[in-house]
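A look at the structure
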Amino acid sequence: MIDLKYLQKNFDEASAKLIKKGVNKEILENLKELFATLKSANSTLEEAKAEQNKMSKLFGEYMREKKDITQLKEKVNANKEEIVALQATAREAQEALERVSLAIPNFPDDSVPEGANEEDNVELKKVLEPRKFEFEPKEHWELAQINGWIDFERGVKLAKSRFSVLRGEAARLERALINFFLDVNRQRGFEEVCVPFLNNSAMLQGTGQLPKFEDDLFKIDGEDLYLIPTAEVPLTNLYHDEILTQKELPILLTGYTPCFRKEAGSAGRDTRGMIRQHQFDKVEMVAIATPQQSEDIFNMMVENASDILTQLGLPHRVIELCGGDLGFSAATTIDLEVWLPGQDKYREISSISNTRDFQARRAKIRYKDGKKNVLVHTLNGSALAVGRTLVAIMENYQNEDGTIEIPEVLKKYM
RNA sequence: GGACAGUUGGGUGAGCUGGCUGAAACCACAUCCCUGCUAAGGAUGCGUACGGGUAACUGUACCGAGGGUUCGAAUCCCUCACUGUCCGCCA
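Residues numbered from 1 in each chain as written. Chains lettered and ligands numbered in written order. Predicted model: local features only at pLDDT ≥ 70, side-chain atom pairs only at ≥ 80, totals over all residues. Heavy atoms only, no water.

**Here we look at the protein's contact with RNA strand B**
What surrounds RNA strand B is a group of 20 residues, the closest being Ser 56, Phe 59, Lys 73, Arg 91 and Lys 368. When the atoms of RNA strand B within 4 Å of the protein are grouped by moiety, sugar and phosphate amount to 73% of the total. Lys 5 places a side-chain nitrogen or oxygen 3.2 Å from a phosphate oxygen of RNA strand B. At 2.7 Å, a side-chain N or O of Arg 91 approaches a phosphate oxygen of RNA strand B. Secondary-structure elements contributing two or more residues to the surface near RNA strand B are helix H3 (25-65), helix H4 (70-101) and strand E13 (365-369). Residues belonging to the surface near RNA strand B are distributed by class as follows: five nonpolar, six polar and nine charged. (Near = heavy atom within 4 Å. Polar contact = N/O pair within 3.5 Å; in protein donor to acceptor, adjacent residues only side chain to side chain. Helix = DSSP H or I, 4+ residues; strand = E, 2+ residues; numbered from the N terminus. Nonpolar A, V, L, I, M, F, W, Y, C, P; charged D, E, K, R; others polar.)

**Overview of helix H10 (residues 291-311)**
In this model, H10 (21 residues) spans 31 Å end to end at C-alpha, consistent with the 30 Å of a helix rising 1.5 Å per residue. Along H10, the positions that sit buried rather than exposed are Ser 294, Ile 297, Phe 298, Met 300, Met 301, Val 302, Asn 304, Ala 305, Ser 306, Ile 308 and Leu 309. (Expected span 1.5 Å × (residues − 1). Buried < 20%, exposed > 50% of the residue type's maximum accessible area, 1.4 Å probe, protein only.)

**Side note on the pairing of strand E11 (residues 332-340)**
The element E11 is extensively covered by neighbouring structure, given that nine of its nine residues are classed as buried. Burial of the side chains of E11 extends over both faces: Thr 332, Ile 334, Leu 336, Val 338 and Leu 340 are buried on one face and Thr 333, Asp 335, Glu 337 and Trp 339 on the other. Sheet analysis places strand E10 (residues 316-320) next to E11, joined by five bridges and oriented antiparallel. By the bridge assignment, Ile 319 is partnered in E11 with Asp 335. Count of turn residues in the E11/strand E12 (residues 345-354) antiparallel hairpin: four residues, of which Asp 344 carries a positive phi of about 60 degrees. (Pairing = 2+ DSSP bridges.)

**Let's talk about a negative patch on the surface**
On the surface, a cluster of negative charge is contributed by Asp 12, Glu 13, Glu 26, Glu 29 and Glu 33. Elements with a contribution of two residues or more to the negative patch: helix H2 (11-19) and H3. The biggest single contributor to the negative patch is H3, with three residues. Here Glu 33 lies in helix H3. (Patch = residues over 30% accessible without salt bridge, like charges linked within 9 Å, V, L, I, M, F, W, Y side chains within 5 Å. Areas by Shrake-Rupley, 256 points an atom, 1.4 Å probe, with all protein chains shown as cover. Salt bridge = Lys/Arg side-chain N within 4 Å of Asp/Glu carboxyl O. Lys, Arg positive; Asp, Glu negative; His and termini not counted. Charge placed at Lys NZ, Arg CZ, Asp CG, Glu CD.)

**Considerations on the nonpolar core**
Nonpolar side chains in soluble globular proteins generally cluster together in the buried interior. Within the largest apolar cluster, 52 residues are counted, with the highest numbers of intra-cluster contacts made by Phe 181 and Met 301. Mapped by element, the contributors of at least two residues to this core are helix H5 (140-147), helix H7 (169-187), strand E9 (279-289), H10, E11, E12, strand E15 (377-385) and helix H12 (386-396). What Met 301 contacts, discounting residues up to four positions off in sequence, is Phe 190, Met 285, Ala 287, Ile 352, Leu 379, Asn 380 and Gly 381. With 21 residues, the next largest nonpolar core counts Leu 4, Leu 18, Leu 34 and Phe 328 among its residues. (Core = buried A, V, L, I, M, F, W, Y, C linked by side-chain atoms within 4.5 Å. Contact = heavy atoms within 4.5 Å.)

**What to know about the pairing of E15**
Among the nine residues in E15, nine count as buried, and that is most of the element. Pairing geometry for E12 and E15, over three bridges, is antiparallel. Opposite Ser 353, over in E15, you have Asn 380 as the bridge partner.

**Here we look at the domain arrangement of chain A**
You can read the domains of chain A as domain 1 (4-101) and domain 2 (118-413). Just the C-alpha atoms count here: the centres of domain 1 and domain 2 sit 43 Å apart. (Domains from an automatic or database assignment.)

**Describing the pattern of salt bridges**
Side chains bearing opposite charge may pair, as long as their charged atoms lie close to each other. One pass over the structure, following the stated rule, counts 20 salt bridges. The closest approach of N and O atoms between Glu 169 and Arg 172, which form a salt bridge, is 3.1 Å. Of the two residues, Glu 169 and Arg 172 both sit in helix H7, three residues apart, roughly one turn of that helix. Between Arg 188 and Glu 303 there is a salt bridge, with the nearest N and O atoms lying 3.9 Å from each other. Note that Arg 188 is positioned in the loop between H7 and strand E4 (191-192) and Glu 303 in helix H10, a separation of 115 residues in sequence. Connected through salt bridges with shared partners, the residues Glu 123, Lys 126, Arg 317 and Glu 337 form a single ionic network.

**What about the sheet that holds E12?**
In spatial order, the strands read E1-E10-E11-E12-E15-E9-E8-E4; together these eight strands make up an open sheet with mixed pairing. Bordering the open sheet on either side are strand E1 (122-127) and E4, each of which pairs with just one other strand. Across two bridges, E4 lies against strand E8 (residues 251-260) in parallel orientation. Residue Glu 192 lies in a different strand from E8, and its bridge partner there is Thr 254. Packing against the sheet, H7 makes contact with E4, E8, E9 and E15, and its axis sits at approximately 5 degrees to E9. The strands touched by H10 are E1, E8, E9, E10, E11, E12 and E15; relative to E15, the strand with the most contacts, the crossing angle is about 0 degrees. (Axes fitted to C-alpha atoms, helices over the stretch in contact; angles between N-to-C directions.)

**Observations concerning the packing of H5 against H12**
Contact geometry for H5 and H12: axes closest at 9 Å, N-to-C directions at 80 degrees. It follows from the interaxial angle that H5 and H12 lie roughly perpendicular. Residues His 140, Leu 143 and Ala 144 of H5 touch H12, and the partners they reach there are Val 391, Met 394 and Glu 395. Looking at the contact of H5 with H12 residue by residue, the classes come out as four nonpolar, one polar and one charged. (Parallel < 35°, antiparallel > 145°, perpendicular 65-115°, else oblique.)

In structure tokens form, the structure reads like this:
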């Protein structure tokens with residue numbers, strides 16, 4: 001959630017920022033108005049309540065002194081009716097405000113490049129030179145078939161389309177990657193955690209998936225539970241509604257989880273292979289930090305993810321997302337895209353975001369700075385998406401006969 | 001899933017015959033004082049959110065959540081969630 005007080009006081013500045021992210025001005029004007037309405041409704045309501053409280057206190061005294069209370073009672077009852085009406089107004093204002101404000105995305109940082117979509121993203125650098133093949137490199141699904149690594153048909157049988165089964169070496173490689181990622185992250189100072197893969201709606205709202213993106217989530221029928229779309233949800237919400245001490249910050253967390261996404265709106269995209277699945281494995285990094293720490297930690301997270309790819313010998317590039325391509329909660333995002341020779345393209349394999357205080361405000365994560373409670377900054381990033389790393393290894397490490405070499409750093413995990 | 005018990009501030013825990021309780025006490029924490037040596041003594045402060053005020057301060061709400069009774073509810077009633085124990089089931 002954005003800071004409504006800031007919106008109110010610096011409307012032009014705030015709306016200029018959000019226009020970068022594609023939010024139109026009328027919505028913001030409406031939001032500002034709703035906020036003002038709520039404030040005035042609340043203040044009249046509070047006055048009436050203060051009056052009521054005062055009279056009720058008097059009531060007690062009258063009773064003790066055995067004074068006549070009929071007149072007081074009339075006054076109090078009249079006031080009570082008024083309160084009920086004011087309450088309804090205030091409540092409506094509250095609900096309207098919530099409905100709108102929860103659907104407003106985060107402010108992008110000033111440094112975020114202008115742009116409408118991914119075409120306007122900015123390449124910061126390339127790491128490692130793509131290998132030169134003396135033969136036509138195959139796409140990962142061909143390689144999967146040659147090696148018997150991925151069983152797409154039976155995945156579909158077990159669940160539905162966009163599910164798959166890893167077999168033999170591929171299943172072991174998947175597990176090796178998870179362990180490798182977790183070990184690297186741990187050495188960087190991240191605490192390894194193992195969390196529930198189902199989270200309730202309050203948590204999904206805390207990190208911004210709800211209420212706006214409900215269609216992207218798998219919901220458990222009859223329960224207030226959703227399959228997590230990313231470990232960012234449980235890791236960040238570990239401190240939901242808590243007040244931390246400054247000493248314990250920054251908190252660095254890493255965890256492996258499967259992720260579940262409906263991929264609504266991705267119909268027809270990446271239908272072949274395992275680039276875009278309903279269920280995929282990911283190792284995630286999350287940081288809870290003070291505003292002063294968040295910048296350095298962000299850079300460290302980007303470096304860490306890039307370093308993992310380098311250790312695996314996978315060529316990749318570092319991309320800064322433009323305003324129009326930024327996610328809902330992010331103030332700034334760096335994507336890492338890995339080189340896929342079979343596809344002859346760079347494809348996203350990690351996305352690292354600083355949400356600043358946007359999620360913290362929704363999830364009520366604060367820390368004590370002296371006497372004041374201050375919202376933390378929350379950051380998240382993949383290190384890395386496991387399935388896509390597997391694909392990248394297949395395509396980059398393929399031999400002419402379709403067999404696949406195992407990267408050196410993974411050998412001890414196999 | 002069934003039965004009973006519970007859910008209070010950072011923690012432990014009183015209050016629960018309705019008003020004097022936003023909440024005792026203890027611990028933790030912070031600042032100061034004393035002391036002098038590895039640990040102890042004393043003073044004060046210390047919940048959260050939103051609003052008003054330059055500030056001192058002040059208003060409202062919150063004792064698991066939501067609703068109800070009442071002039072007034074942490075305290076009474078209802079619904080739900082969660083926790084504990086026993087039983088059932090099970091990796």
